[in-house]
Amino acid sequence: MGRVGARLTDLLRKQLGGIGAALFVVALVLVGPLERWEYLWFDQLFELRGARPPTAPIIIVTIDESSFQELSLQWPFPRALHGQLIDRIRADRPLVIGLDIIFDSDSMFGPKDDEALGAAVARAGNVVLGLAGAQDDQPLVSVGGKVLGAKREVSNMPLPVIRKGAAAIAPLTVVPDPDSHVRRIPVRVPVPDPVKGYEWWLAFDAQLHRQVSAAGLATRPLPDAEEVLVNFRGGPRTFQRVPYYRVVRGETPGLFHAKIVLIGSTSEVQHDVFATAFARGGDMSGVEIHANALETLIRGDPIREVPKPLSTVLAVVAALAGSALVVRLHALRALVVTVVLFVVGFLLAYAGFLLADVWMRGVACTFALVLGYGATVVENFVHAQLYKRRLSPFFSPDVLRALVRARDEQSLGPRRRVATVLFSDIRGFTSISERLQPEQVEEMLGEYLTEMTQIVFKHRGSVDKYMGDGIMALYNAPFEDPEHALNAIRTGLEFQERALAVSARWQEKLGVSIRIGVGINTGEMLVGTLGSRQRFEYTALGDNVNLASRLESATKDHGASIIISEYTYEHVKGRFPIRELGDVTVKGKSRPVKIYGVVPASVRQHPRAALQALATLTALGEGRTCRVRTVDIGEGGLALAGVPPEWEVGCKIQIRLEGGGLPRRIVAEGTIVSRRGEAAGVQFTALDEDSAPVVADYVARGLGATSEDQD
């Protein structure tokens, strides 16, 4: 369970951004700010889909500005005129007539006016009248310590003389959403009843649906719901319209046969206009909304809404997915995949709306996806900066980038592993610092440690710590390196080479020179981040670490600048010029340890003479060759120029050279022991019997000056 728990904790830590984004989006959904944007997305889907021609036989008789002008009347019209209108329509034998007009009070033209309308309604026999509901908020009054008053709902029913001959009476309820857009209509409405309290009535459009179904029009059953989302066919004037005055004048004979006739105001002066998906400016009349609603009920194709809880769950998944993409793919590739997911999600949502009349709340999902991605990118960036700041003293930029990409701090935890550790130190630094000012010492150390650290990083090592003028470096940590022992020795050799250049500058500037000692050991040790809660270090502990430190101290006693243990020697034998130094018993060790000295290129064991000749190098065991130039030669080796970079330190080669004053061809085997740019130093490991005296004679004759390059 410990390992599983650690993995789970690590996963949760990596996806904190996504988890936070998911919780934030859920909070927004619950509180409600996203709902307004979801409604806008709903309207946008209608615009993308476009208008569709209606199929139900609906025609609207419009009470418009032209009718006011042509009839020379102001609102309200005489109700006897409405009766005349109904008689004209009835003559064409329509399926049903629906009046989007309220007749809840006596006519200003007298009782006979109401009777004329009631008689026309009764003659038609298929008229559906509307009623309006209103909430009566009575003021609260305190009387004798008691608060009196209440809220009650009232229904403005049509007058009895008008409604007694109607086919049905139904509520004309249209309730806009919080943004004042109409998107849904009720199917059933609670109407106050003095006996029952409330009674459920079919809403106006549902009642019209019932009437036309009874009249023989093919319809789909009414949905078993209190309200439905209207599947709007288009904007204003989508349905056939005819002005009120033309019908009254008898200019439309036969127009209403087998039609559903809706009568209502389309004049903005009467303020019976609303905003819808196709009329965002708020210029769709109420009677046109009823036409769209009735078309929806007849066709049985209301917009089906994906349940809000399911949309919220999808938003949570989207937030976690956006975060997971960053964790798995990193920012740039995750951005590409995020965009692809967004496009795919958009196309699926649009296809669902276009083909199946399904509305999926897409804003929450989109916002969650983007927020999950963005929050994780920001969290990763902040974490990476802190991570880099903590680890940059220990690792090379390449290793640091790999650690940041992996974000696996568990890999830095303490664990046993075979590694190689290197210690280096400046000889006699205490006496040197006594001769200089503190500022000069700081300048020297800054330059020296900077250059040495670059060398450690170059050879895939990690700087464990600085100890004054000393450096401790680790190899094969934190990532596996099969050549960790070789790279440690390459570091030591380049330390010696670079120290010569640094020493020359210090000699010229400050009058001091330096030499360094290097100790290297390989073995099992505890490697990882160790320390207290306040301060930690990436370091190594164990007996093998102590041995490396003792070997560095032993360089003074054995006249060797680089000493390696027998354990390191087993990993590198045959790859470098090495001389055995014998057995030593270092402090803290009861058993003697065999040690070896690595011969650096800077140590001149033989005199040299300048030599300008061509040489052919052949890599032993590989067969690759190259042509280079010689710079100088000695009995122990030679210096070359123009060596390709792939011929690295430690490479075992065969050398064939001739010309440049040599009496005959020289054939030898050797090892590249140093590199600086295109220059390389080679130490002979085997010299042909006929070649050895030729080299000795050439050097003895002292042709040319001694080269400054190394063996």
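What you see is a predicted model; the values in this text were computed from it and never measured. (Residues numbered from 1 in each chain as written. Predicted model: local features only at pLDDT ≥ 70, side-chain atom pairs only at ≥ 80, totals over all residues. Heavy atoms only, no water.)

1. Remarks on the overall build of the chain
The helix and strand tally for the chain stands at 20 helices and 32 strands. Within the chain, the fraction of its 711 residues that count as buried is 48%. Total accessible area on the chain stands at roughly 33800 Å², and carbon and sulfur atoms take up 55% of it. (Helix = DSSP H or I, 4+ residues; strand = E, 2+ residues; numbered from the N terminus. Buried < 20%, exposed > 50% of the residue type's maximum accessible area, 1.4 Å probe, protein only. Areas by Shrake-Rupley, 256 points an atom, 1.4 Å probe, with all protein chains shown as cover.)

2. A closer look at the pairing of strand β19 (residues 461–467)
By the bridge criterion, six bridges tie β19 to strand β20 (residues 470–475) in an arrangement that is antiparallel. Paired with Lys465 across the bridge in β20 is Met472. Between the antiparallel neighbours β19 and β20 lie two residues, among them Gly468 with a positive phi of about 65 degrees. (Pairing = 2+ DSSP bridges.)

3. Focus on the pattern of salt bridges
Throughout the structure, instances matching the rule amount to 33 salt bridges. When the shortest N-O distance is used, the salt bridge between Arg90 and Asp87 registers 3.7 Å. Note that Arg90 and Asp87 are positioned in helix α5 (residues 79–90) at a spacing of three residues, about one turn of the helix. For Arg90, a relative accessible area of 34% translates into the label partly exposed. (Salt bridge = Lys/Arg side-chain N within 4 Å of Asp/Glu carboxyl O.)

4. So, the environment of Phe353
With respect to the secondary-structure elements, Phe353 resides in helix α12 (residues 331–356). For Phe353, a relative accessible area of 0% translates into the label buried. A C-alpha to C-alpha distance of 8.1 Å links Phe353 and Arg49, two positions 304 residues apart in sequence. If we ignore the near neighbours within four places in the chain, the residues touching Phe353 are Phe42, Leu45, Phe46, Arg49, Ile303, Val358 and Trp359. (Contact = heavy atoms within 4.5 Å.)

5. So, a nonpolar patch on the surface
A contiguous nonpolar surface patch, about 690 Å² in accessible area, is contributed by Leu48, Leu332, Leu335, Val339, Phe342, Val343, Phe346 and Leu347. Here the nonpolar patch takes seven residues from α12, the largest share from any one element. Counting through the fold element by element, Phe346 comes out in helix α12. Relative accessible area serves as the criterion here: at 31%, Phe346 is assigned to the partly exposed category. (Patch = residues over 30% accessible without salt bridge, like charges linked within 9 Å, V, L, I, M, F, W, Y side chains within 5 Å.)

6. Structural notes on the confidence of the model for the chain
Counting all residues, the mean pLDDT for the chain is 85, and 87% of those residues have values of 70 or more. Contacts of residues 703–711 to residues separated by more than four positions or lying in other chains number 38 contacts, the stretch itself having pLDDT below 50. (pLDDT = per-residue confidence, 0-100.)

7. Some remarks on the side chain of Asn487
Examined against the element boundaries, Asn487 turns out to sit in helix α17 (residues 484–510). Setting aside residues up to four positions removed in sequence, Asn487 forms contacts with His459, Arg460, Tyr475 and Asp481.

8. Some remarks on the packing of α5 against helix α6 (residues 111–124)
With their axes 7 Å apart at the nearest point, α5 and α6 run at an angle of 15 degrees to one another. As far as their axial angle goes, α6 and α5 are roughly parallel. Our pair here, α5 against α6, has a crossing hand that is left-handed. Along the contact surface, α5 presents Arg79, Ala80, His82, Gly83, Ile86, Asp87 and Arg90, while α6 presents Asp113, Asp114, Ala116, Leu117, Ala120, Val121, Arg123 and Ala124. Residue composition of the contact of α5 with α6, grouped by class: seven nonpolar, two polar and six charged. (Axes fitted to C-alpha atoms, helices over the stretch in contact; angles between N-to-C directions. Parallel < 35°, antiparallel > 145°, perpendicular 65-115°, else oblique. Left-handed = near helix turned anticlockwise from the far one by under 90°. Nonpolar A, V, L, I, M, F, W, Y, C, P; charged D, E, K, R; others polar.)

9. A word on unusual backbone geometry
With an omega of 5 degrees, the peptide bond running from Trp75 to Pro76 counts as cis. Within the fold, Pro76 resides in the loop between α4 (65–71) and α5. In the Ramachandran plot, Arg237 falls in the positive-phi region, its phi being about 70 degrees despite a non-glycine side chain. Relative to the helices and strands, Arg237 resides in the loop between β11 (227–229) and β12 (240–243). On the basis of relative accessibility, which here comes to 62%, the residue Arg237 falls in the exposed class.

10. Side note on the packing of aromatic side chains
Here the structure, examined in full by the defined rule, presents 14 aromatic pairs. Taking the centre distance of 5.3 Å and the plane angle of 70 degrees together, the rings of Phe68 and Phe77 count as edge-to-face. An identical accessibility class is assigned to Phe68 and Phe77; each is buried. Between Tyr569 and Tyr596, the ring centres sit 4.0 Å apart and the planes meet at 10 degrees, which makes this aromatic pair stacked. Highlighted residues: Tyr569 in helix α19 (residues 566–572) and Tyr596 in strand β25 (residues 593–598), separated in sequence by 27 residues. Over the face of the ring belonging to Trp647 we find Arg624, whose NZ or CZ atom lies 4.5 Å from the ring centre. (Phe/Tyr/Trp six-rings, centres within 6.5 Å; stacked < 30°, edge-to-face > 60°. Lys NZ or Arg CZ within 6 Å of the ring centre and 35° of its normal.)

11. With respect to the environment of Arg241
Tracing the sequence through the fold places Arg241 in strand β12. A residue is classified by how much of its surface remains accessible, and Arg241, at 24% relative accessible area, is partly exposed. Ignoring anything within four residues of it in the chain, the contact list for Arg241 reads Ile60, Thr62, Thr266 and Glu288. Among the polar contacts made by the side chain of Arg241, one reaches the side chain of Glu288 at a distance of 2.9 Å. (Polar contact = N/O pair within 3.5 Å; in protein donor to acceptor, adjacent residues only side chain to side chain.)

12. Considering empty space enclosed by the protein
The full count for this structure, using the stated rule, is one cavity of 30 Å³ or more. Within this model, the largest cavity holds a volume of roughly 70 Å³. If you go around the largest cavity, the residues you meet are Leu28, Val29, Gly32, Pro33, Leu34, Glu35, Glu38, Lys308, Ser311, Thr312, Arg361 and Ala364. With four residues, helix α3 (residues 33–49) is the largest single contributor of residues to the lining of the largest cavity. (1 Å grid on protein atoms, 1.4 Å probe; cavity = no way out; pocket = protein on both sides within 12 Å on 5 of 7 lines; lining within 4 Å. Points joined across faces, edges and corners; volume = space filled by probe spheres on them.)

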